[in-house]
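Descriptive analysis of the structure
Residue strings, one per chain:
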Amino acid sequence: MDVDPSVPIAGEPMAETAAWWLAARAEMDGLGAGAGLNIAHECVDRHAGDPLSANRVALRAVSRAGRRTDMTYAELAASTSRFANLLGELGVAPGDSLFTLLGRVPDLYVSVLGGLKALVVVSPLFAAFGPEPIRQRLELGDARVLVTTEALYRRRIEPIRHELSTLRHVLLSGPVRDLPRGTMRLDEALSGAAPTHTIAPTRPDHPSFIHFTSGTTGTPKGALHVHEAVVAHHATAVFSLDLRASDTYWCTADPGWVTGTSYGIVGPLSVGATVIVDDAGFDPVRWYGLIAEEKIDVWYTAPTALRMLMRAGPEVAAAHDLTSLRHVASVGEPLNAEVVRWGADALGVEIHDTWWQTETGSIMVHNPPDVAVVPGSMGVAIPGVEIGVVREGEGEHSQPSLSGPAEGQLAIRTPWPSMFRDYVGDHQRYESCFADGWYLSGDLVQRDESDRLWFVGRADDVIKSAGHLVGPFEVESVLIEHPAVAEAAVIGVPDPVAGERIKAFVVLNAGHARSDQLLMDLMALARRRLGPAVAPRQITVVDDLPHTRSGKVMRRLLKARETGEAEGDLSTLEPPSGGDRD
Ligand code: ATP
Ligand code: MG
């Protein structure tokens, strides 16, 4: 196998690990002997330099108005090189940081990949953040360059610019009517830059991205990643998402979240596929329409979106030709068995759950493409990654259980190529995530006799009621089996007798109204399926549940509202009327 020996593969791989990562590594041509591995080279220049792929469409941007703009790998190579050269001209040095605050438009992808070519550390921010969350993140990441639009600059940055002491350059993408002081037009700046760029040697551990977590359990953390991660993105894009160069691929996540970068940019481009870039928010008719019109082969989305499609009704799905779909996968929240069964019918394919986190950088647990899905299970460890289960009550230094039935915290043996290397500004917290060669994820799981993993809940969300440990997901999944229920969230409310009492919030499907009979039916269903100790004591019908902008139910907010405690960091909370879930 032709592998550059100067590029270490993370850790002391097991035989299987070696095969998996080395196979992915071998497909990358690297920057030449001793020059290392750069994400942008693997995603762009490698394909642009190959006559077979140079003219293949890398990005197909579909605007809200339905206008399509294609960019081939050769064009993307030229634009990203111009961008990297522009950064050099501006005096931006390797290791400096670049933030983007943009919708899902081609300039976002050019800035991210061009930044990586220049070895700057890139942090794509979700465009809907307000000034305060933006300020916090730009400060934490020592932002030196920001790419945004005139409108976003006026509304979100101008009021805080004087507080951003490290920010030197602001580049404005798209049309500019009245150039604000201290900014420059991106298109003009790029047109003066050369379209070729030689990427400087890039160590595998050179920082690549800062990704902020979703803020589901508290203040978002900034996870620092490195260029070597591309090995894991490539391997999992091929073997978990079943992605091939000839495929048209759509990941619905915004690059402001790790999924939208790892699998909306890096993984699929490293494979050489055509990536759909959709700037509009969720709309069932549009989404089905996009799958049908673009003939999407592989689709990576989130349970919240799938539940919303399910809620829109089977006739909406049936009105579109979805037969192009070959592989559908989901991430971000537990995928209820009910949704998997719906998918097999409505989409015509099984939905493959995958589990991973901002910190893991890439998929760690999957339902392999060639194995029948067991609905409700998040799957098995990907080859090359060892997952252990740390059982409750075991001593701090005992080794996690490696196979067979067990329940406890999901742990991953360190290191792996896409492992985060720090929490920016909080190294102590980073250190506290590791013990005895294992990364502790903070998620609780059950493992069955076939070593399949089942999500129980986040350690923070688990309810301790009358001596029982109850995972919210188990209760929520039973509630959504009822035809009237579209979505459910379950929390523990302090109780003087039981410690915590289980309370459920449910959102109803269209055509169903709150009634005492319905609540009694739901209680009866929960008791029958879960037993009286685990069934909720109280069920409340609500119009909407609080979600993060990345589509996760914020149970901590429901709990804070219930107990009257402080609501905490709400920077990632989706406004109730929003439809822009990713
Ligand atoms: P924060 O760390 O700020 O509280 P977050 O953990 O939601 O936010 P992310 O890194 O975006 O931020 O999300 C990772 C988490 O999402 C996982 O730890 C897990 O709780 C949940 N998750 C991801 N995939 C799955 C899945 N397939 N099944 C169940 N939960 C999942
Ligand atoms: Mg987390």
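So, here's what we can say about the structure. (Residues numbered from 1 in each chain as written. Chains lettered and ligands numbered in written order. Predicted model: local features only at pLDDT ≥ 70, side-chain atom pairs only at ≥ 80, totals over all residues. Heavy atoms only, no water.)

Moving on: helix H10 (residues 284-294). When H10 is considered as a whole, its buried residues turn out to be Pro284, Trp287, Tyr288, Gly289, Leu290, Ile291 and Glu294. Two or three places before Val285, at the opening of H10, Asp283 has a side-chain oxygen 3.0 Å from that residue's backbone nitrogen. (Buried < 20%, exposed > 50% of the residue type's maximum accessible area, 1.4 Å probe, protein only. Helix = DSSP H or I, 4+ residues; strand = E, 2+ residues; numbered from the N terminus. Polar contact = N/O pair within 3.5 Å; in protein donor to acceptor, adjacent residues only side chain to side chain.)

Burial analysis of strand E9 (residues 222-226) places five of its five residues in the buried class, the great majority of the element. Of the two faces of E9, the one carrying Gly222, Leu224 and Val226 and the one carrying Ala223 and His225 are both buried. Looking at chain direction, strand E8 (residues 207-212) and E9 are connected through four bridges and run antiparallel. The residue bridging His211 from the neighbouring strand is Ala223, located in E9. Two strands pair when backbone bridges link them, and E9 and strand E19 (residues 422-423) are joined in this way by two bridges, in the antiparallel orientation. Bridging across to E19, Leu224 finds its partner in Asp422. (Pairing = 2+ DSSP bridges.)

Per the stated rule, a full pass over the model turns up 18 aromatic pairs. Ring geometry for Phe455 against Phe473: centres 6.2 Å apart, planes inclined by 65°, an arrangement best described as edge-to-face. With a gap of 18 residues between them, Phe455 in strand E22 (residues 453-458) and Phe473 in helix H15 (residues 472-480) connect regions that are remote in the sequence. Classification of Phe455 as buried rests on a relative accessible area of 16%. Ring-pair connections join several aromatic residues into one group, and the members of that group are Trp416, Phe420, Tyr423, Tyr430, Phe434 and Tyr439. (Phe/Tyr/Trp six-rings, centres within 6.5 Å; stacked < 30°, edge-to-face > 60°.)

Moving on to the environment of Leu140. Within the fold, Leu140 resides in helix H5 (residues 131-140). Between the C-alpha atom of Leu140 and that of Lys464, which follows or precedes it by 324 residues, the distance is 36 Å. The contacts of Leu140, once residues within four sequence positions are left out, are Phe212, Val424 and Gly425. (Contact = heavy atoms within 4.5 Å.)

What follows deals with the nonpolar core. Membership of the largest hydrophobic core comes to 88 residues, with the highest contact counts inside it found for Leu269 and Tyr300. Among the elements that make up this core, the one with the highest residue count is helix H3 (residues 73-89) (seven residues). Counting 52 residues, the second largest nonpolar core, distinct from the first, contains Val316, Trp342, Val373 and Val534. (Core = buried A, V, L, I, M, F, W, Y, C linked by side-chain atoms within 4.5 Å.)

Let us look at the packing of helix H2 (residues 39-48) against helix H9 (residues 258-271). As a packed pair, H2 and H9 sit with axes 8 Å apart at the nearest point and diverge in direction by 40°. In terms of orientation, H2 lies oblique with respect to H9. Of the two elements, H2 crosses H9, and the hand of that crossing is left-handed. Between H2, through Ile39, Glu42, Cys43, Arg46 and His47, and H9, the contact on the second element is made entirely by Val266, Leu269, Ser270 and Val271. Classifying every residue of the contact of H2 with H9 by side-chain character gives five nonpolar, two polar and two charged. (Axes fitted to C-alpha atoms, helices over the stretch in contact; angles between N-to-C directions. Parallel < 35°, antiparallel > 145°, perpendicular 65-115°, else oblique. Left-handed = near helix turned anticlockwise from the far one by under 90°. Nonpolar A, V, L, I, M, F, W, Y, C, P; charged D, E, K, R; others polar.)

Here the focus is the site of ligand 1. In the vicinity of ligand 1 lie 20 residues, with Thr213, Thr216, Thr217, Thr354 and Thr358 positioned nearest. Between ligand 1 and the protein, one listed contact pairs a nitrogen atom with a backbone N or O atom of Thr354 at 2.7 Å. In isolation ligand 1 offers 630 Å² of accessible surface; the protein chains occlude 96% of this area. If you list the elements that add at least two residues to the shell around ligand 1, you get strand E14 (351-355) and E22. Tallying contributions element by element places E14 first for the shell around ligand 1, with three residues. A breakdown of the residues in the shell around ligand 1 according to their chemical character gives five nonpolar, nine polar and six charged. (Near = heavy atom within 4 Å. Areas by Shrake-Rupley, 256 points an atom, 1.4 Å probe, with all protein chains shown as cover.)

By the element assignment, Leu138 lies in helix H5. Given the relative accessible area of 2%, Leu138 is considered buried. Distance in space between the C-alpha atoms of Leu138 and Ser123 is 9.0 Å, their sequence separation being 15 residues. In this structure Leu138 touches Phe99, Leu125, Ala143, Leu146, Ile157 and Leu164, once residues within four positions along its chain are discounted.

Attention shifts here to the pattern of salt bridges. Applying the stated rule across the entire model yields 35 salt bridges. The salt bridge partner of Arg326 is Asp242, with a shortest N-O separation of 3.1 Å. Taken together, the residues Arg326 in the loop between helix H12 (314-318) and strand E13 (327-330) and Asp242 in the loop between helix H8 (229-239) and strand E10 (248-251) connect sequence positions 84 residues apart. Judged by relative accessible area, Asp242 falls into the buried class, the value being 18%. Here the salt bridges share partners, and the residues they tie into one network are Arg60, Arg68, Asp70, Glu293 and Glu294. (Salt bridge = Lys/Arg side-chain N within 4 Å of Asp/Glu carboxyl O.)

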